[in-house]
Amino acid sequence: MPATGRLPRPARLAAAFAAAWIGPLLTHLVKLDFLLPVIVLALLMAVQRGVAGVLDRLVLALGQAFGALCVAGLLFSVWPWGLHPVPIAGVALSVLVALVAVTRPAWRTIYRPGARDLLAGAAALGVAGAAAVPFALRDLGGRIGIIAAGEDMARHIVLTDIIGQAGGYAFLHRDVADRFLSADVASGISNYPQGTYLTYAVLDRFVRSSDRNTDAITQASHVLWLYVATFAFLGLAVLWAVRRVAGPGATPLRLAPVLAVAAAWVYCADPVAVFVRGYPNQLMGMALAAILTGLVVRPLTHRGAQGITVALLVVGVSFSYHLFLPYAGVAALVWALRTGAWRHPGVVAAGVVAAPFTLITPILNLNAATAEHLGTAGTALPVDRPLTALLVLLALMATTARRGLRSPAFLRGLMALGAALTVALGLAVVQLVTVGSTVYYFEKTLHLAIIVALVLLGGLVRLVPRRTVPALACAVPLLLVIAATGGQWHTRPGATGLRLLAGIDRGSPAGGSDAVYLARQHPRSGEAVTVDLMSTPYRNWLGTLYASSLTRNYRYGHAWYAFLNPANPPKTLDDLDAIVAQSPVPVRFYVANAKASMLVLDPARPARESDKPGGDPVQFGAAGALTNIEAAEYLAARYPGKVQVIHGKPPERV
């Protein structure tokens, strides 16, 4: 019999399911939808099995939620409500109510953090705060400038916007995608892994309590802040995994220096170099790889929960950055085979269910990418070779010292590191054979190896002295090595993260400011393309590129992306004339500086004015060639009605 005054269990369940839908309806009416993701996360933390700590529950819930959202996005893409917050929250809360009914969590003990949780959480907050400060101190143009040089972020903004406009994945709404993308890039962008961008689009709806996208400039601003949150998630995932690998016996005193080194490595070294280049999908893939590695080394005590979590993480990697998918698959197999989990029916079922979803992105990219793309150059910063070699040595020491190989956990960790290094070295061989050097994607695979090695640093707690002063002092030399220098060969003064935090490396704030300025002049760009010719070549290039994203006009702006790129072959007046003639829409040239130039007379001998001793960077063209103003006015006379020349007032940024 139920206790006096308490509803029977069926009635309580019915009330909970009703609340799962009534609650979102009410929050949407009063514009408080941002509370719903918090409630979903709290309930998901409550139903975790095989863990006790609150930090364990938080990180696992975040990883599981991302993988589940990637799968659920397929449903959202085809049902009639798109990304409306109410039905998404209603479905999520209904599923969680059912899970709560099955697991019956002990609510009083779920959210109590321990000392190690607080320590790792504080380190993660430090990383997040350091990443957020440079963005918080700048306006939108300055924020774009931080990541503008990587130039990929322009397409990430566009793809997030497309998913929001379509109400689901772009590869399931190609008619919408084609309105935003030019034909030569539509296939590649529409088939690109989209889990991160779907997450951004969904969270944006909840934050604004809206069922549709806002204006393009505001939308881009929200994407940038969600991007900062993605890096914060990476820091949290790595530091949690370090703490987990350290084991339940690690004291806070011995754990503190290891966490300090790992946090410094995330913010100061190569992971933050990924951040400043604007790769949200890669950051998400790195975070999921960190969680997966931590679970491979020290699995959850509940085998079924472990199997479901690993399956969702592998799906998440596939939907975020499938270059890491070979590692994720091998790491999952290492856990399943080395622990005998493959015999567990629940684990097998999780793998069978997850497999089709894991294959979606690779299959889509069969048509959009080829093996030749693995040798493509890009804008990723080269990995710090000496520092990475040191990190791998530390990871080997952490797993092998003091008879570490006798531990099944550290042996699995060593196998995971071997898998990550094999992926990197295998790609290096392919690139050396095909293009003669290692480029771009090799650096990306090294980033994966760095994350795996960072996670394994948790094993160093066994080597940390038990006394306070020696324990803390052992981290100081490593912290100095990480912070003092950076660059490919660790020779540039100051680590990347410290230079960002100090405002030394600001990216291209001028290009970002031009983009915002141009977008505000023409917020509804429509059937015209705006081209920035106001200043220096890189500023013009990035201003044009990001302005096309901020005006939802990338379809026509993309043609100018390669044309204006200063790293590409020099351009003549005939080249400029040709691209204007081929443009399917009118061209709007913004000019300002009378000395600004980009054209040359002989592409084989550019003879740029800026190359001469004491040359002005704005004079990127050759003596005798038309300046930007002269060229724009010439084309306006040649193509009346198609070319417009506007004398702008660019923001004063240096």
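Everything in this summary refers to the structure shown in the same document. Just so we're clear, the structure is a prediction, and the values are computed from it rather than from any experiment.

Side note on the overall build of the chain
The secondary structure content of the chain amounts to 29 helices and 5 strands. What you see for the chain is a C-alpha radius of gyration of 26 Å, in line with the 26 Å of a compact globule of 654 residues. The proportion of buried residues among the 654 residues of the chain is 57%. Across the chain, contacts joining residues at least 24 apart in sequence account for 78% of those joining residues at least 6 apart. For the chain, the centre of its 53 positive side-chain charges and the centre of its 31 negative side-chain charges are spaced 20 Å apart.

Some points on the packing of aromatic side chains
The tally for this structure, following the rule as stated, stands at 15 aromatic pairs. Taken together, a centroid distance of 6.0 Å and an interplanar angle of 70° make the contact between Tyr538 and Trp541 edge-to-face. Linking Tyr538 with Trp541, this pair stays in helix α26 (residues 537–550), spanning 3 residues, or about one helical turn. Put simply, the rings of Phe135, Trp225, Tyr227, Phe231 and Phe275 pair up and form one aromatic cluster. Here the guanidinium or amino end of Arg298 rests over the ring plane of Phe410, the centre of that ring lying 5.7 Å away. The positively charged end of Lys444 is found above the aromatic ring belonging to Tyr279, 3.2 Å away from the centroid.

Regarding the sheet that holds strand β5 (residues 643–647)
Read from one edge of the open sheet, 3 strands run β3-β4-β5, paired in parallel fashion. The strands lining the two open edges of the sheet, one partner per strand, are β3 (529–532) and β5. Along the sheet, successive strands turn relative to each other by an average axial angle of 25°, direction set aside. In the sheet, strand β4 (residues 587–591) pairs with β5 via 5 bridges, with the strands oriented parallel. Bridge pairing in β5 links Tyr590 to Ile646. Across the face of the sheet, helix α29 (residues 628–638) comes into contact with β4 and β5 while running at roughly 145° to β5.

Looking at the pattern of salt bridges
Enumeration according to the criterion identifies 14 salt bridges in this entry. Here Arg243 ties to Asp117 by a salt bridge, and the two come within 2.3 Å at their closest N and O atoms. One end of the pair, Arg243, is in helix α12 (residues 216–246); the other, Asp117, is in helix α6 (residues 115–136), and 126 residues separate them in sequence. The pair formed by Arg243 and Asp117 is uniform in burial state, with each residue classed as buried. One salt bridge in this structure joins Asp505 and Arg499, with 2.8 Å as the shortest N-O distance. On the accessibility criterion, Asp505 (26% relative accessible area) is partly exposed. Taken together, the salt bridges that share partners define one network made up of Asp56, Asp117, Arg243 and Arg244.

Some points on a nonpolar patch on the surface
A surface patch of nonpolar side chains, about 730 Å² in accessible area, is lined by Ile22, Leu26, Leu29, Val30, Leu32, Phe34, Leu35 and Ile39. Of all elements in the fold, only α1 (9–29) and α2 (35–46) reach the threshold of two or more residues within the nonpolar patch. When residues in the nonpolar patch are grouped by element, the largest group, 3 residues, is from α1.

Considerations on the environment of Ala72
One can find Ala72 in helix α3 (residues 54–76). In the structure, Ala72 is positioned 16 residues away from Ile88 in sequence and 9.0 Å away in space, judged by C-alpha atoms.

Observations concerning the nonpolar core
The nonpolar side chains of soluble globular proteins are, as a tendency, buried together. In this structure, Leu181, Phe231, Phe275, Tyr546, Trp560 and Phe589 are the most contacted members of the largest nonpolar core, which totals 201 residues. Per element, the largest residue contribution to this core is 19 residues, and it comes from α12. Residues within four places of Trp560 in sequence aside, it is in contact with Val529, Val531, Thr544, Leu576, Ile579, Val580, Val587 and Phe589. Core analysis: the second largest hydrophobic core is formed by 12 residues, Val40, Met45, Val54 and Val97 among them.

Notes on helix α27 (residues 554–564)
The periodicity of an α-helix, 3.6 residues per turn, causes residues three or four positions apart to be oriented the same way. Of all 11 residues in α27, 8 are buried, a share of seventy percent or more. All of the buried residues along α27 are Tyr554, Tyr556, Gly557, His558, Trp560, Tyr561, Phe563 and Leu564.

Here's the deal with helix α28 (residues 573–582)
Here α28 has its buried residues at Leu576, Asp577, Ile579 and Val580. Along the axis of α28, the buried residues cluster in a sector spanning 165°; they form a single face. Counted as exposed and oriented over 90 degrees from the buried face of α28: Asp574 and Gln582. In this structure, the buried residues of α28 make contact with α27, β4, α29 and β5.

What about the pairing of β4?
Burial analysis of β4 places 5 of its 5 residues in the buried class, the great majority of the element. Burial along β4 is two-sided: the residues Val587, Phe589 and Val591 and Arg588 and Tyr590 are all buried. Where β3 meets β4, 4 bridges bridge the pair, whose relative direction is parallel. Within the sheet, the bridge partner assigned to Val529 lies in β4 and is Val587. One crossover worth recording links β4 to the parallel β5 by way of α29, and it is right-handed.

With respect to the side chain of Ser320
When you line up the elements, Ser320 lands in helix α16 (residues 303–320). Classification of Ser320 by relative accessible area gives buried; the value is 0%. With near-sequence residues (within four places) excluded, Ser320 lies in contact with Phe66, Pro193, Thr196, Asn281, Met284, Gly285 and Leu288.

Quick look at a positive patch on the surface
Taken together, the side chains of Arg6, Arg9, Arg12 and Arg104 make up a positively charged region of the molecular surface. Its location among the elements puts Arg9 in helix α1. Arg9 sits in the partly exposed class, given a relative accessible area of 30%.

Looking at the packing of α28 against α29
Packing of α28 against α29 brings their axes to within 11 Å, and their N-to-C directions diverge by 45°. By the angle between their directions, the pair α28 and α29 is classed as oblique. In the crossing of α28 with α29, the sense of the turn from one axis to the other is right-handed. Of the residues in α29, those in contact with Leu573, Leu576, Asp577 and Val580 of α28 are Ala631, Tyr634, Leu635 and Arg638. Considering only residue class, the contact of α28 with α29 consists of 6 nonpolar, no polar and 2 charged.

Observations concerning unusual backbone geometry
Positive phi values are uncommon outside glycine, yet Tyr440 reaches one of about 25°. Summarising the element assignment, Tyr440 is placed in the loop between α20 (408–434) and α21 (441–456). The phi angle at Ala607 is positive, at roughly 50°, despite the residue not being glycine. Position of Ala607 relative to the elements: it lies in the loop between β4 and α29. The class of Ala607 is exposed, set by a relative accessible area of 54%.

Definitions and cut-offs
Residues numbered from 1 in each chain as written. Predicted model: local features only at pLDDT ≥ 70, side-chain atom pairs only at ≥ 80, totals over all residues. Heavy atoms only, no water. Helix = DSSP H or I, 4+ residues; strand = E, 2+ residues; numbered from the N terminus. Rg over C-alpha atoms; globule rule 2.2 N^0.38 Å. Buried < 20%, exposed > 50% of the residue type's maximum accessible area, 1.4 Å probe, protein only. Contact = heavy atoms within 4.5 Å. Lys, Arg positive; Asp, Glu negative; His and termini not counted. Charge placed at Lys NZ, Arg CZ, Asp CG, Glu CD. Phe/Tyr/Trp six-rings, centres within 6.5 Å; stacked < 30°, edge-to-face > 60°. Lys NZ or Arg CZ within 6 Å of the ring centre and 35° of its normal. Pairing = 2+ DSSP bridges. Axes fitted to C-alpha atoms, helices over the stretch in contact; angles between N-to-C directions. Salt bridge = Lys/Arg side-chain N within 4 Å of Asp/Glu carboxyl O. Patch = residues over 30% accessible without salt bridge, like charges linked within 9 Å, V, L, I, M, F, W, Y side chains within 5 Å. Areas by Shrake-Rupley, 256 points an atom, 1.4 Å probe, with all protein chains shown as cover. Core = buried A, V, L, I, M, F, W, Y, C linked by side-chain atoms within 4.5 Å. Arc of directions from axis to C-beta. Right-handed = clockwise from strand over helix to strand, strands pointing away. Parallel < 35°, antiparallel > 145°, perpendicular 65-115°, else oblique. Left-handed = near helix turned anticlockwise from the far one by under 90°. Nonpolar A, V, L, I, M, F, W, Y, C, P; charged D, E, K, R; others polar.

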